[in-house]
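If you want the building blocks of each chain, they are given just below.
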Number of protein chains: 2
Amino acid sequence: MPTQKTYASIITIGDELLIGQVIDTNSAWLAQELNKIGIIVKHRVAVGDIWDDIWQALDEESKQASIVLITGGLGPTADDITKPLLCQYFNGNMVVDQPTLDHITYIFEHILKRPMIERNAKQAEVPDVCTVLKNERGTAPGMLFKKDNTIFIAMPGVPHEMKWITHNHVIPYIQNHFQTGAIAHRTLLTAGIGESFLAELIKDFEESLPEQIKLAYLPNYGMVRLRLTGWMEDKSALEKLLDTLFNTLKIKVQDYLVIDEDQPMEVAVGKLLVANKQTVATAESCTGGYIAHLLSIHPGSSVFFKGSIVSYANEIKGSLLGVPKEIMETVGVVSEPTVIQMAKAARVSLNTDYAIAVSGIMGPGGATNEKPVGLVWVAVANAERVIAQSFNFRFDRRRNIELTATNALNLLRRMIVEKS
Amino acid sequence: MPTQKTYASIITIGDELLIGQVIDTNSAWLAQELNKIGIIVKHRVAVGDIWDDIWQALDEESKQASIVLITGGLGPTADDITKPLLCQYFNGNMVVDQPTLDHITYIFEHILKRPMIERNAKQAEVPDVCTVLKNERGTAPGMLFKKDNTIFIAMPGVPHEMKWITHNHVIPYIQNHFQTGAIAHRTLLTAGIGESFLAELIKDFEESLPEQIKLAYLPNYGMVRLRLTGWMEDKSALEKLLDTLFNTLKIKVQDYLVIDEDQPMEVAVGKLLVANKQTVATAESCTGGYIAHLLSIHPGSSVFFKGSIVSYANEIKGSLLGVPKEIMETVGVVSEPTVIQMAKAARVSLNTDYAIAVSGIMGPGGATNEKPVGLVWVAVANAERVIAQSFNFRFDRRRNIELTATNALNLLRRMIVEKS
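Residues numbered from 1 in each chain as written. Chains lettered and ligands numbered in written order. Predicted model: local features only at pLDDT ≥ 70, side-chain atom pairs only at ≥ 80, totals over all residues.

Participant: Which residues make up the overall build of chain A, and what are the values?
Facilitator: On a plain count of helices and strands, chain A comes out with 16 helices and 17 strands. By its C-alpha atoms, chain A is 75 × 60 × 40 Å across when sized along the principal axes. The burial tally for chain A puts 50% of its 420 residues in the buried class. Here the analysis covers contacts within chain A between residues at least 6 apart in sequence; of these, 66% occur between residues at least 24 apart. (Helix = DSSP H or I, 4+ residues; strand = E, 2+ residues; numbered from the N terminus. Buried ≥ 20, exposed ≤ 12 C-beta atoms within 10 Å, placed from the backbone. Contact = placed C-beta atoms within 7 Å.)

Listed below in structure tokens is the structure:
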């Protein structure tokens, strides 16, 4: 019997999702994990803490999918109505689950070291028609229900609790109970070419792709990611086919290729530095430490990242980075000589192979007649030379900070690649 | 005639949303903007770049809502199928929209300064049954369709383009064509109390709330936001009611109140510093510049934030922050004496009223027998004193970085409040 595609839907519950107070990161994470085991997410839906809307979502999604994952609404407060609703939806009665009660008691006694109140104990009550999925990371357990040919799994919305339950219960359960084919992706990152031009460059490649393989363009902050996705029954045949196609694609875009993985710019830079046994520091004005944050957020970054001098105030550009007062008063702090001095000084002060320096006007304030919002100077230095470049971004502050960081890191990347 | 509630649905299109490659931030933003004008978002759904799934989503959502907003799938590449689909769905024919073509030509000639290719010109083709919504931020225009009593508005998925079209076309159109009641929210942020205990503390308040007002608990990184939401016909009556209730709530939670707005911790700290005409700097090890980034991402931060020394490498803790070698070699870099010295040195070196210092083990590597992943030391200094505190977080790297930043900023906040 051929493997059939298994479809999943994700329901996220909470008014905060519908008034825009919270960005839903759980769904993206769940989709990634399901993909890894060959499950296709067909639909994602967000509903408020409203009885009828949740009920209807359960009805609708179970028509489309054999696996319905539900997050949110399981907390101890009055706005959390998911549990009583599920109890009624699946015709159950609320009962105390003793292992869950023991676990909650343990958490309060040994970890939180606070008295437990009735509200907490109530989290141990579950519908008697579900399988309880232990939540080692919190007090609200996961719950698994079956109805006709669909399984429903409800989990708390707190991300690290939801992730723990998914890894320890949901994924193993699905692997044991569903036929799963293979889904695989290959992603690369390009910089320095627009989406349309990239599409022209790889037009022949795209048109020659076999039916099972899809190509997607993901533009973001002046870069474009390209993703090949395939679903096949046979995992090794799929991987082989994707590898061949991906190699062809890499050659086609080689002049713009940043990294041949689904990783951001800073990871590409980090890998180059590790490979060359080199180090980097930053001297940041307008980005306020954001480039340092990007370089240090990934595990293992202490091998190549040594630190940063964030000179947000002009006074600090003078005192810690030696930018002469005359330069700041004549050509100004958003200028080529300023970032060149910042890069040189940071490299020496932090004793690294490379340094990145940035100074610019991120907005909304700070613009002058000659220097509009979005003007940024970037410099990259090594022991032999310093290169500097200006950019004219526009629009809003956060986007300008992102674009400045990405382009500064890309300038460093090019300097490293040209040298080696 | 009484004002009726107007419901909206948001459809986001793109395989990247269903394989978890991209987090959907557009929906949250759109929901906020709709809320501001009294429109209730009832449903949000994400579908892939699949003809039948998009078609079905249009059918389904129009049953639930009078306004259907659609983002994504309008790019110039082959995976973007939304436009031909909408053309067929609304029984139209593709025609060239001359103003759009002129706009695209202008962008290529004057802004991108690159030759325009056919693929770009094709973005000026639109279904003849739509109203074209000019996109000043990009090449793909927005499109407005009507069917029965529902309007459908399709916009590109690139956030700053979508936002521009929303502000300049969508919101004014809705305000002119729909009856809208008033929705309003009041949000405050608490720290230092768990969700269950908070719920006990305000139990009476919660039970006495009028029917039109809902209370929501939003826990995140050890803090809990509380939100009151109401929908009423009369905006000023609603605002008055909410103000009264919100004042009561603030008094109930006053011991834990960080800020009485929907703002993060760093904004609360920034406001206090501005009010006191004081400044801050950071000395960061394990957070790698993240606290500096938080303090500088909001407009106007140059008034109180002067800069940072990110001493990711231990060598830098010695050379730039004067942590003695003996301390690092005996009690270690994750210790009380280290962060006290870092905070003192940063305050002097960056010439500020306050300094924050952090040093910890964010994981997954770096733990020892005595110092597990999640151990963090935090210090806050002013001219008179330094206070230091250790925390034991657990779990993953990003969460530890977030929790460290939040708790360090809260320690500073408490020092400022106690002083003033």
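Participant: How would you sum up the sheet that holds strand β12 (residues 257-259) of chain B? Please name residues and give values.
Facilitator: Residue and element names in this part refer to chain B. Strand order in this open sheet of four strands is β10-β11-β9-β12, and the pairing throughout is antiparallel. Two strands bound the open sheet, and with one partner strand each, they are β10 (213-220) and β12. On average, each strand axis in the sheet is inclined to that of its neighbour by 30 degrees, with strand direction left out of account. Strand direction decides the pairing type here: strand β9 (residues 182-191) and strand β11 (residues 223-232), joined by ten bridges, are antiparallel. Looking at the pairing, Thr187 lines up with Arg227 of β11. (Pairing = 2+ DSSP bridges. Axes fitted to C-alpha atoms, helices over the stretch in contact; angles between N-to-C directions.)

Participant: Explain the pairing of strand β3 (residues 67-71) of chain A to me, and be specific about the residues and the numbers.
Facilitator: All names here are of chain A. Within β3, five of the five residues are buried, leaving the element largely enclosed by the surrounding structure. As paired strands, strand β1 (residues 7-13) and β3 are joined by five bridges and run parallel to one another. Note that in β3 the partner of Ala8 across the bridge is Ile67. One ladder, built from five bridges, connects β3 with strand β8 (residues 150-155); its direction is parallel. Within β8, the position partnered with Thr71 by the bridge is Met155.

Participant: Got a sec to walk through the confidence of the model for chain A? Specific residues and values, please.
Facilitator: Per-residue confidence for chain A averages 93 on the pLDDT scale, and 99% of its residues sit at or above 70. Both scores are given for the predicted complex: the pTM is 0.87, the ipTM 0.86. (pLDDT = per-residue confidence, 0-100.)

Participant: Give me the lowdown on the sheet that holds strand β3 (residues 67-71) of chain B, citing residues and values where you can.
Facilitator: The twelve strands lie next to each other as β6(A)-β7(A)-β8(A)-β3(A)-β1(A)-β2(A)-β2(B)-β1(B)-β3(B)-β8(B)-β7(B)-β6(B), forming an open sheet whose pairing is mixed. Among the strands making up the open sheet, the edge pair consists of β6 (131-133) of chain A together with β6 (131-133) of chain B. On average, each strand axis in the sheet is inclined to that of its neighbour by 20 degrees, with strand direction left out of account. Packed onto the sheet, helix α2 (residues 26-36) of chain A meets β1, β2 (40-47) and β3 of chain A and runs at close to 160 degrees relative to β1 of chain A.

Participant: Now, about the domain arrangement of chain A: what can you tell me, with residues and values included?
Facilitator: Residue and element names in this part refer to chain A. Domain assignment breaks chain A into domain 1 (7-177), domain 2 (182-259) and domain 3 (265-419). When each unit is reduced to the centre of its C-alpha atoms, the spacing between domain 2 and domain 3 is 31 Å. Facing seven residues of domain 2, the contacting portion of domain 3 comprises eight residues. Broken down by secondary-structure element, the contributors of at least two residues to the side of domain 2 that touches domain 3 are β9 (182-191) and β12 (257-259). When the residues that make up the side of domain 2 that touches domain 3 are grouped by side-chain class, the tally is six nonpolar, one polar and no charged. (Domains from an automatic or database assignment. Nonpolar A, V, L, I, M, F, W, Y, C, P; charged D, E, K, R; others polar.)

Participant: Just give me the short version of the relation of the copies chain B and chain A, but keep the residues and values in it.
Facilitator: The transform that puts chain B on chain A rotates by 180 degrees and translates by 0.0 Å along the axis, for an RMSD of 0.1 Å. Given the turn and translation reported, the copies of this chain are related as if by a two-fold rotation axis. When you check the interface residues of chain B against chain A, 99% turn up at the interface there too, and the contact is symmetric in its surfaces. (Least-squares fit on C-alpha atoms with pLDDT ≥ 70 in both.)

Participant: Describe the interface of chain B and chain A, naming the residues involved and giving the relevant values.
Facilitator: One frequent convention defines the size of an interface as the accessible area lost when the parts assemble. If you look at the interface, chain B gives 82 residues, while chain A gives 81 residues. Here β2 of chain A pairs with strand β2 (residues 40-47) of chain B via five bridges, running antiparallel. Looking at β2 of chain B, one finds that Arg44 of chain A is bridged to Ala46 of chain B.

Participant: Go over the nonpolar core, please, and point to the residues and values.
Facilitator: Among the nonpolar cores identified, the biggest contains 245 residues, and Ala343 and Ala346 of chain A together with Ala343 and Ala346 of chain B are the most heavily contacted of them. In this structure Ala346 of chain A touches Ala281, Thr282, Ala283, Ile309, Leu321, Ala355 and Ala357 of chain A, once residues within four positions along its chain are discounted. (Core = buried A, V, L, I, M, F, W, Y, C linked by C-beta atoms within 7 Å.)

Participant: Any details on the environment of Asp15 of chain A? Residues and values, ideally.
Facilitator: By secondary structure assignment, the location of Asp15 of chain A is in helix α1 (residues 15-18). Taking the C-alpha atoms as reference, Asp15 of chain A lies 9.2 Å from Asp79 of chain A; in sequence the two are 64 residues apart. Discounting residues that sit within four places of it in the chain, Asp15 of chain A has contacts with Gly48 and Asp49 of chain A together with Ala216 and Thr229 of chain B.

Participant: With reference to specific residues and values, describe helix α7 (residues 159-177) of chain A.
Facilitator: All names here are of chain A. Its 19 residues place the ends of α7 25 Å apart at the C-alpha level, agreeing with the 27 Å of an ideal helix rising 1.5 Å per residue. Taking the largest bend as the criterion, α7 deviates by roughly 45 degrees, centred on Thr166. The complete set of buried residues in α7 reads Glu161, Met162, Trp164, Ile165, Thr166, His169, Val170 and Ile174. Buried residues along α7 sit against α2, β3, β6, β7 (142-147) and β8. (Expected span 1.5 Å × (residues − 1). Bend = angle between axes of the 7 residues up to and from the residue.)

Participant: Tell me about unusual backbone geometry, and name the residues and values.
Facilitator: All names here are of chain A. Residue Pro364 is reached from Gly363 by a cis peptide bond, and omega for that bond is -5 degrees. By secondary structure assignment, the location of Pro364 is in the loop between β15 (354-360) and β16 (375-381). For Asn351, which is not glycine, the phi dihedral falls at a positive 55 degrees. Relative to the helices and strands, Asn351 is located in the loop between α15 (336-349) and β15.

Participant: Summarise the environment of Ala381 of chain B; cite the residues concerned and give the values.
Facilitator: All names here are of chain B. Tracing the chain through its elements places Ala381 in strand β16 (residues 375-381). With 73 residues separating them in the primary sequence, Ala381 and Ser308 have C-alpha atoms 14 Å apart. Contact partners of Ala381, with chain neighbours within four places excluded, come to Ala343, Lys344, Arg347, Tyr354, Ala355 and Val386.

Participant: Residues and numbers for helix α11 (residues 265-276) of chain B, please.
Facilitator: Residue and element names in this part refer to chain B. Taking 1.5 Å as the rise per residue, α11 with twelve residues should run 16 Å; its terminal C-alpha atoms sit 17 Å apart, in good agreement. The set of residues buried in α11 consists of Met265, Glu266, Val267, Ala268, Val269, Gly270, Leu272 and Leu273. The positive-phi residue at the C-terminal boundary of α11 is Lys277, with phi of around 55 degrees.

Participant: Hey, could you go over the pairing of β11 of chain B for me, with residue numbers and the actual values?
Facilitator: All names here are of chain B. With eight of its ten residues buried, β11 lies for the most part within the structure. When β10 meets β11, the two strands line up antiparallel, connected through eight bridges. Among the inter-strand pairings, Ala216 is bridged to a residue of β11, identified as Arg227. Between β10 and β11, which pair antiparallel and follow one another directly, the connecting turn spans two residues, one of which, Tyr221, has a positive phi of 45 degrees.

Participant: Account for the packing of helix α2 (residues 26-36) of chain B against helix α7 (residues 159-177) of chain B, with residues named and values stated.
Facilitator: Residue and element names in this part refer to chain B. Closest axis-to-axis distance for the α2/α7 pair is 11 Å, and the angle between their directions is 20 degrees. When the axis of α2 is compared with that of α7, the two are roughly parallel. Note on packing geometry: the crossing formed by α2 with α7 is right-handed. For the pair α2 and α7, the contacting residues are Asn26, Trp29, Leu30 and Glu33 in the first and Pro159, Met162, Lys163, Thr166 and Ile171 in the second. Its residues placed into classes, the contact of α2 with α7 shows five nonpolar, two polar and two charged. (Parallel < 35°, antiparallel > 145°, perpendicular 65-115°, else oblique. Left-handed = near helix turned anticlockwise from the far one by under 90°.)

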